[in-house]
Each structure stands twice: as C-alpha cells, then as structure tokens.
Amino acid sequence: MRKKLRVAAYAICVRDGQILLARSPARDGTPEWVVPGGGMEHGEDPYDTVRREVEEETGYRIEVTGLLGVNSFHRVFRDGFGPAVDHHGVRLVYEGRIAGGELRNELNGSTDLAAWQDLDAVPGLVRVPMVDVALRMWRERPVTGRLADALE
C-alpha cells in the first residue's frame, strides 16, 4: 500500500463578524466553501505556505497573528482505480489579519470564488469539515493547539 503524507497550512481571517472563505468544487463537482490555504511545497515553511496560499486564493496579503492549532487525520482510501492509499494529513491553522491586496477570485487554481461570509451564516453553507474545525480552533483557542474530538 502506498503511503502519503500531506502537510498544509490554512488561515482564519475574521473581521466585522465575517470570515474569509474560498469556494472549491468537490469530487462530484458540487461547489463547497473551504478555508483559504493549502499544501506546502517541498522545502517551504508553513508560515510562508499560508501567506502564499491565502494570496493565491483570495488576492489578500495577510499578517499571521497566531498559530491556533494543528489538525491531523489518517485514513485509507482508493485513489481512482489504483491501489489503496494510506493517507496522513497534517493541517496547521493560523489566524490572519488582512494586511493588503484586494479581494479577487483565483484564476486557474483549486478555487473559483473568494468571499466574506457572515459568521452566523456558516452553518447553512455547503462546506468542508475543515471550516468547522478551524472555526472551533479560532473560538476555543485550545491551549494544546488540538481539538481532541475533531477527526477531520
């Protein structure tokens, strides 16, 4: 079985009761909201990853104001018709403040729309579970940097 480790960094940016999210198509094509961020490139520091990814996906430059926590998950799944993949994901969640740039949509990337969403409206959005995990970290600020019951 092939093993795969993926490390990613995401930013929670909240201002005036709204959260910055990006929209990405699910495997079936359904649009779903995601936290801006993504995978580290080889040799890249996670701090640089989150800044790069947020700018790519939203047009904003951010100041990283804190590390909220780490979310780790492990699962085995099939990658298309190939053999099963033993996947381990490690996701660092930062807090960010908009420091410059202008809101825009990503071109030819993994997302197609960036928008501010009311925090109260998030439960009604079609979203990936990571949105809820990251928001809980932002709200609860766990001392250990970990939500013990958050699987995804």
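Everything below is about the structure printed above this text.
Residues numbered from 1 in each chain as written. Predicted model: local features only at pLDDT ≥ 70, side-chain atom pairs only at ≥ 80, totals over all residues. Heavy atoms only, no water.

### Remarks on the side chain of Glu32
Going by this rule: Starting at the N terminus, helices and strands are each numbered in turn, a helix being any DSSP run of H or I of at least four residues and a strand any DSSP run of E of at least two. Buried residues are those whose accessible area, probed at 1.4 Å on protein chains only, stays under 20% of the maximum for their type, while exposed residues exceed 50% and partly exposed ones sit between those limits. Residues scored as charged are limited to Lys and Arg (positive) and Asp and Glu (negative), so that His and the chain ends carry no count. Note on definitions: salt bridges are taken to be side-chain nitrogens of Lys or Arg within 4 Å of carboxyl oxygens of Asp or Glu. Contacts are assigned to residue pairs that have any heavy atoms within 4.5 Å of one another.
If you trace the backbone, Glu32 turns up in strand 4 (residues 31-34). Buried within the structure, Glu32 lacks any salt-bridge partner; Arg27 is the closest side chain of opposite charge, at an N-O distance of 8.3 Å. Those residues in contact with Glu32, other than ones at most four positions away along the chain, are Ala22, Arg23, Ser24, Ala26, Val126, Arg127 and Val128.

### Focus: the pairing of strand 1 (residues 2-12)
Inclusion rule: In short, DSSP must find at least two bridges between two strands for them to pair.
Looking at chain direction, strand 1 and strand 7 (residues 84-101) are connected through 11 bridges and run parallel. Paired with Lys4 across the strands is His87, a residue of strand 7.

### Considerations on the layout of surface pockets
Let me state the cut-off plainly: Definitions used throughout: a 1 Å grid over protein atoms alone; a cavity as a set of points that fits a 1.4 Å probe which cannot get out; a pocket as an open set with protein on both sides within 12 Å along at least five of seven lines; a lining residue as one with an atom within 4 Å of a point. Grid points are joined across faces, edges and corners, and a volume is the space filled by probe spheres set on the points.
Computed from the structure, the largest pocket encloses a volume of approximately 860 Å³. Surrounding the largest pocket, 31 residues form its lining, Arg6, Tyr10, Arg75, Arg91 and Val128 being those nearest its centre. Looking at the lining of the largest pocket, the elements that each hand over two or more residues are strand 1, strand 3 (18-25), strand 4, strand 5 (37-39), helix 1 (46-58), strand 6 (60-78), strand 7 and helix 2 (129-140).

### Points about the pattern of salt bridges
Counted according to the given criterion, the structure contains 10 salt bridges. We note a salt bridge from Asp132 to Arg127, for which the minimum N-O separation is 2.9 Å. For Asp132, a relative accessible area of 33% gives the class partly exposed. As a salt-bridge pair, Arg136 and Glu140 come within 2.9 Å of each other at their nearest N and O atoms. On the criterion of helical spacing, the pair formed by Arg136 and Glu140 is a turn pair, its members being 4 residues apart in helix 2. Judged by its relative accessible area of 28%, Arg136 is partly exposed.

### Section: the pairing of strand 3
In this structure, strand 2 (residues 14-15) lies alongside strand 3, joined through 2 bridges in antiparallel fashion. The residue of strand 3 that forms the bridge with Arg15 is Gln18. Joining the antiparallel neighbours strand 2 and strand 3 is a turn of 2 residues, in which Asp16 adopts a positive phi near 50°. Note that strand 3 and strand 8 (residues 113-118) share 6 bridges and pair antiparallel. Bridging from a neighbouring strand, Ile19 pairs with Gln117 of strand 8. Note: strand 3 against strand 4, 4 bridges, orientation antiparallel. By the bridge assignment, Arg23 is partnered in strand 4 with Trp33. The hairpin turn running from strand 3 into strand 4, its antiparallel successor, is 5 residues long, and Gly29 in that turn takes a positive phi close to 95°.

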